[in-house]
Structure formats: C-alpha cells, structure tokens
Amino acid sequence: MFKTTVKDLLNKALDERTDLFLIEISISEDNKIKIIIDGDKGVNVDDCIFVSRAIEHNLDREDVDFALEVASAGATAPIVNKRQYNKNIGRNLEVKTVTETIEGVLKEISEEGVSLEWKVREPKPVGKGKVTVKKQATIAYDDIVAAKVLIKF
C-alpha cells in the first residue's frame, strides 16, 4: 500500500511537470525511498525539491516512518531513457553495442535511434602518410547495450 501511494504521488508530480521524467525509483523494506529523475533540459535543485515536496507533504509520518531522497541523474550516469539523448545532442558519447563500442559526437536522434559522428586517422589511398576522415554511424535504440556521456577536460 505504501509503495503504491508513493508511486501514485510521484506520477502525479511528473504529470504536473512534463519536462521531468523518472529514471529510477526504489523503496526498501524499511521505507527508504530513493528517486532519481532527469529532465529534458537537465535537473536543478528546485526540480528535486518540487518532487520531494509533492511526495513528502502528502504522506503522514505518524502512519509510516520513511526516509526520502530525490536526486538527479549524474553527469557520468549511463543513459537509460530515450528522452535523455535529446539533451545530449552535440556532446561526446560512448555507445556500446553487442559488436562494437563507438565514441563520437551525438549529431541527431530519431524515433529509431541515434546518429554519431567522429574523426579517425587513416592511411592515404595513394602515397605515404595519413589523412583525417569523418565517420558516421546510425545505431538503433534496440542495438544499444550501454551509452554514457564522455566528459573531457
């Protein structure tokens, strides 16, 4: 009953703020609630406070003792929701499929998958030396085993 109530309150809050979406929720046996959210334009502290209050203010600690944590998906957290790709257009990603791992710039997304672009040095077709070549790949969402944003300094 408690888990259902928490999930219902969370869904109501996310229906109110359609720019936010759920990444993960866990509720332990001792009622420790951990919610990880993301947003189409990222998540700030006010977004976490909004979700936290939407749940906490509608539960009675006299009935059930609980702990609540609402956090954003971290910069190094894997991409687990299709909506997360949109805010990462133009960023470097590492995308793993069953057969290969590709590091490249996320150029565009579609209903079917993502398009990455990267540069490699290859031998010249004629003569000695190497030339820089742009490569592209379109990867279907169903083929992606794991994806994450690469942060470079």
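Keep in mind that what you see is a predicted model, and the values were worked out from it rather than measured.

As for the overall build of the chain
Part 1 of the reasoning: Regarding its fold elements, the chain presents three helices and eight strands.
Part 2 of the reasoning: Overall, the chain shows an N-to-C arrangement of helices and strands of α-β-β-α-β-α-β-β-β-β-β.
Part 3 of the reasoning: Here the C-alpha atoms of the chain give a radius of gyration of 21 Å, more than 25% beyond the 15 Å that 2.2 N^0.38 yields for 153 residues.
Part 4 of the reasoning: Relative to its full complement of 153 residues, the chain shows a buried share of 32%.
Part 5 of the reasoning: A total of about 10,100 Å² of accessible surface is found on the chain, and carbon and sulfur atoms cover 48% of it.
Part 6 of the reasoning: Taking the average place of the 24 positive charges on the side chains of the chain and the average place of its 27 negative ones, the gap between the two points comes to 13 Å.

What to know about the pattern of salt bridges
Close approach of charged atoms allows side chains of opposite charge to pair.
Part 1 of the reasoning: With the rule as written, the count across this model stands at nine salt bridges.
Part 2 of the reasoning: Among the ionic pairs, Asp-38 bridges to Lys-87, the shortest N-O distance being 2.5 Å. A residue pair is termed long-range when its members are at least 10 positions apart, and Asp-38 in strand E2 (residues 32-39) and Lys-87 in the loop between helix H3 (83-86) and strand E4 (92-97) qualify at 49 residues.
Part 3 of the reasoning: The class of Lys-87 is partly exposed, set by a relative accessible area of 28%.
Part 4 of the reasoning: With a shortest N-O distance of 2.7 Å, Asp-40 and Arg-83 are connected by a salt bridge. Of this pair, Asp-40 sits in the loop between E2 and helix H2 (45-56) while Arg-83 sits in helix H3, placing them 43 residues apart in sequence.
Part 5 of the reasoning: For Arg-83, a relative accessible area of 31% translates into the label partly exposed.
Part 6 of the reasoning: Here the salt bridges do not stand alone but share partners, grouping Arg-17, Asp-19 and Asp-47 into one network.

Conventions we followed
- Residues numbered from 1 in each chain as written.
- Predicted model: local features only at pLDDT ≥ 70, side-chain atom pairs only at ≥ 80, totals over all residues.
- Heavy atoms only, no water.
- Helix = DSSP H or I, 4+ residues; strand = E, 2+ residues; numbered from the N terminus.
- Rg over C-alpha atoms; globule rule 2.2 N^0.38 Å.
- Buried < 20%, exposed > 50% of the residue type's maximum accessible area, 1.4 Å probe, protein only.
- Areas by Shrake-Rupley, 256 points an atom, 1.4 Å probe, with all protein chains shown as cover.
- Lys, Arg positive; Asp, Glu negative; His and termini not counted.
- Charge placed at Lys NZ, Arg CZ, Asp CG, Glu CD.
- Salt bridge = Lys/Arg side-chain N within 4 Å of Asp/Glu carboxyl O.

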